[in-house]
Amino acid sequence: MLLINCPYCDDALPELEFAYAGEAHIARPADPSKLSDEEWRDFLFIRSNPRGLHAERWRHIHGCGRFFNALRDTVSDRFLTTYPAGQPRPDVTKLEAAE
Amino acid sequence: MNAPVKSFANVSIAVLPPVARLNLRIAPANLAAASAAFGLPLPTKIGQGVVKNGHAAWCLGPDEWLLHAPEAEQAAIVADFAKARTKAPHSLTVISDREFTIAITGPRAQEFLTVACPLDLSRMAPGTAKRTLFDSAQVVLIRDADDAFRIEVWRSFFPHVSELLDIALREFACGL
Ligand SMILES: [Zn+2]
């Protein structure tokens, strides 16, 4: 079973306890009424959908209940790291250098 | 609700008598006020539990605690927390009737729970508690000792969890 490290529980826990919640670091526009239809569409629906590293939201819904962010490789399904919501996307080169 | 105890030599299952059960949400900065109101130092690490004078508390999330106390003290606890509210805003929800508690005890209790619990229970220390899943039902799993667990399950999921435990117990009893 895939284990996911929850940064709030500080523990690697079964994937069953978690729910995926889409791409991370997508800030809601401060003033939506100033946006064009195309910009609003992009905010709502257009995602990067990369083949490889993806910063994404997860929720520890059957555990501590918190949303957090993860860097996951969409090809290998490997989690490089997880980090609390609100923190910037970690620098991958530093992560890899640390390994 | 007190179902008869079901057991074989290595595992026993019992539905425990009612208890005052409360869910507390409070900013960690205000935790001292809640600890004073409940009469024990609330644990700060997720999973940790503290038991004192018949009261018990387990930290389930960064700002969430599960509290247990004798049923007769429920009203007094709610009143004590209400007094603390002006200084330490919080939410205290009585969930006594929302859940049943099932005790699973015996030398093979840990192995028994693996029939439907995805956690690595060998890493779960006595005195800790975790919200997790039992089969598809969300539960709070409390470990009281190496050979003693409690499952707190919402009453709507109780028949499902209870039936699963009964089936597993029969399987264990006949050596499967
Ligand atoms: Zn968590």
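For clarity, every value in this text was computed on a predicted model and none was experimentally measured.

The rules we used
- Residues numbered from 1 in each chain as written.
- Chains lettered and ligands numbered in written order.
- Predicted model: local features only at pLDDT ≥ 70, side-chain atom pairs only at ≥ 80, totals over all residues.
- Heavy atoms only, no water.
- Helix = DSSP H or I, 4+ residues; strand = E, 2+ residues; numbered from the N terminus.
- Buried < 20%, exposed > 50% of the residue type's maximum accessible area, 1.4 Å probe, protein only.
- Areas by Shrake-Rupley, 256 points an atom, 1.4 Å probe, with all protein chains shown as cover.
- Lys, Arg positive; Asp, Glu negative; His and termini not counted.
- Charge placed at Lys NZ, Arg CZ, Asp CG, Glu CD.
- Donors = N, O, S within 2.8 Å, 3.2 Å for Na, K, Ca; no water.
- Disulfide = S-S within 2.5 Å.
- Contact = heavy atoms within 4.5 Å.
- Buried area = accessible area lost by both parts, 1.4 Å probe.
- Salt bridge = Lys/Arg side-chain N within 4 Å of Asp/Glu carboxyl O.
- Polar contact = N/O pair within 3.5 Å; in protein donor to acceptor, adjacent residues only side chain to side chain.
- Nonpolar A, V, L, I, M, F, W, Y, C, P; charged D, E, K, R; others polar.
- Pairing = 2+ DSSP bridges.
- Axes fitted to C-alpha atoms, helices over the stretch in contact; angles between N-to-C directions.
- Arc of directions from axis to C-beta.

Visitor: Go over the overall build of chain A with me, naming the residues and quoting the values.
Guide: What chain A contains, in helices and strands, is two helices and six strands. In sequence order, chain A lays out its α and β elements as β-β-β-α-β-β-β-α. Its C-alpha atoms give chain A principal-axis dimensions of roughly 45 × 30 × 20 Å. Counting over 99 residues, chain A shows a buried share of 31%. Summing over all exposed atoms, chain A offers an accessible surface of approximately 6,100 Å²; the carbon and sulfur share of this is 51%. Where the 12 positive side-chain charges of chain A centre and where its 16 negative ones centre are 3 Å apart.

Visitor: Break down the coordination of the zinc ion for me, citing the residues and quoting the values.
Guide: All names here are of chain A. The protein atoms that coordinate the zinc ion are Cys-6 (SG), Cys-9 (SG), His-60 (ND1) and Cys-64 (SG), at distances spanning 2.0 to 2.4 Å. In terms of primary sequence, the donors binding the zinc ion are separated according to C-x2-C-x50-H-x3-C. Remark: Cys-64 occurs in the loop between strand E4 (53-59) and strand E5 (67-73) and Cys-6 occurs in strand E1 (residues 3-6); sequence separation between them is 58 residues. Under the relative-accessibility criterion, Cys-6 is labelled buried at 0%. You can call Cys-64 buried: its relative accessible area is 5%.

Visitor: Talk me through the state of the cysteines; I want residue IDs and the actual numbers.
Guide: In a disulfide, the sulfur atoms of two cysteines are covalently bonded to one another. For the coordinates displayed, the defined rule picks out zero disulfides over all chains. Summary of cysteine pairing: Cys-117 of chain B is not part of a disulfide, and the nearest cysteine sulfur, belonging to Cys-9 of chain A, is at 14 Å.

Visitor: Before we move on, can you summarise the interface of chain A and chain B with the specific residues and values?
Guide: With 15 residues of chain A in contact, the opposing surface of chain B contributes 14 residues. For the chain A and chain B pair, buried surface summed over both sides reaches about 1,200 Å², with 53% attributable to carbon and sulfur atoms. In this structure, the connection of chain A to chain B is made through three salt bridges. Across the salt bridge formed by Asp-11 of chain A and Lys-130 of chain B, the nearest N and O atoms sit 4.0 Å from each other. Remark: the boundary between chain A and chain B carries six residue pairs in polar contact (both at pLDDT 80 or more). Classifying every residue of the side of chain A that touches chain B gives nine nonpolar, three polar and three charged.

Visitor: Lay out the pattern of salt bridges with the relevant residues and their values.
Guide: Going through the model one piece at a time under the given rule, you end up with 14 salt bridges over all chains. Of the charged contacts in the structure, one is a salt bridge between Asp-31 of chain A and Lys-34 of chain A, with a shortest N-O distance of 2.9 Å. Salt bridges sharing partners connect three or more residues here, namely Asp-11 of chain A together with Arg-123 and Lys-130 of chain B.

Visitor: If you had to explain the sheet that holds E4 of chain A to someone new, which residues and values would you point to?
Guide: Residue and element names in this part refer to chain A. One open sheet holds the four strands; their spatial order is E3-E4-E5-E6, and the pairing between them is antiparallel. Only two strands of the sheet have a single neighbouring strand rather than two, namely strand E3 (19-23) and strand E6 (79-84). Taken over all neighbouring pairs, the strand axes of this sheet differ in orientation by 30 degrees on average, direction set aside. Two elements, E5 and E6, share five bridges in a ladder whose sense is antiparallel. The residue of E6 that forms the bridge with Arg-72 is Phe-79.

Visitor: Which residues make up the environment of Leu-66 of chain B, and what values do they have?
Guide: All names here are of chain B. Secondary-structure assignment places Leu-66 in strand E6 (residues 64-69). Measuring from C-alpha to C-alpha, the distance between Leu-66 and Ala-56 comes to 8.2 Å, with ten residues separating the pair along the chain. In this view, Leu-66 contacts Arg-21, Leu-22, Ala-56, Ala-57, Trp-58, Leu-60, Ile-95, Val-140 and Glu-152; residues no more than four positions away in its chain are not counted.

Visitor: Please provide a residue-by-residue account of the sheet that holds E6 of chain B, values included.
Guide: Residue and element names in this part refer to chain B. Within the open sheet, the five strands sit side by side as E4-E5-E6-E3-E7. Their pairing is antiparallel. Each end of this open sheet is capped by a strand with a single partner; those strands are strand E4 (49-52) and strand E7 (90-94). In this sheet, neighbouring strand axes are inclined to one another by 20 degrees on average, regardless of whether the strands run parallel or antiparallel. This element, helix H1 (residues 31-38), spans strand E3 (20-26), strand E5 (55-61) and E6 of the sheet and lies at about 10 degrees to E6.

Visitor: Talk me through helix H2 (residues 74-84) of chain B; I want residue IDs and the actual numbers.
Guide: All names here are of chain B. Along H2, the residues that are buried comprise Ile-77, Phe-81 and Ala-84. Buried residues of H2, seen end-on, are gathered within an arc of 55 degrees and therefore sit on one face of the element. In this structure, H2 carries Ala-75 and Lys-83 as exposed residues pointing more than 90 degrees from its buried face. Buried residues in H2 make contact with E3, H1, E5, E6 and E7.

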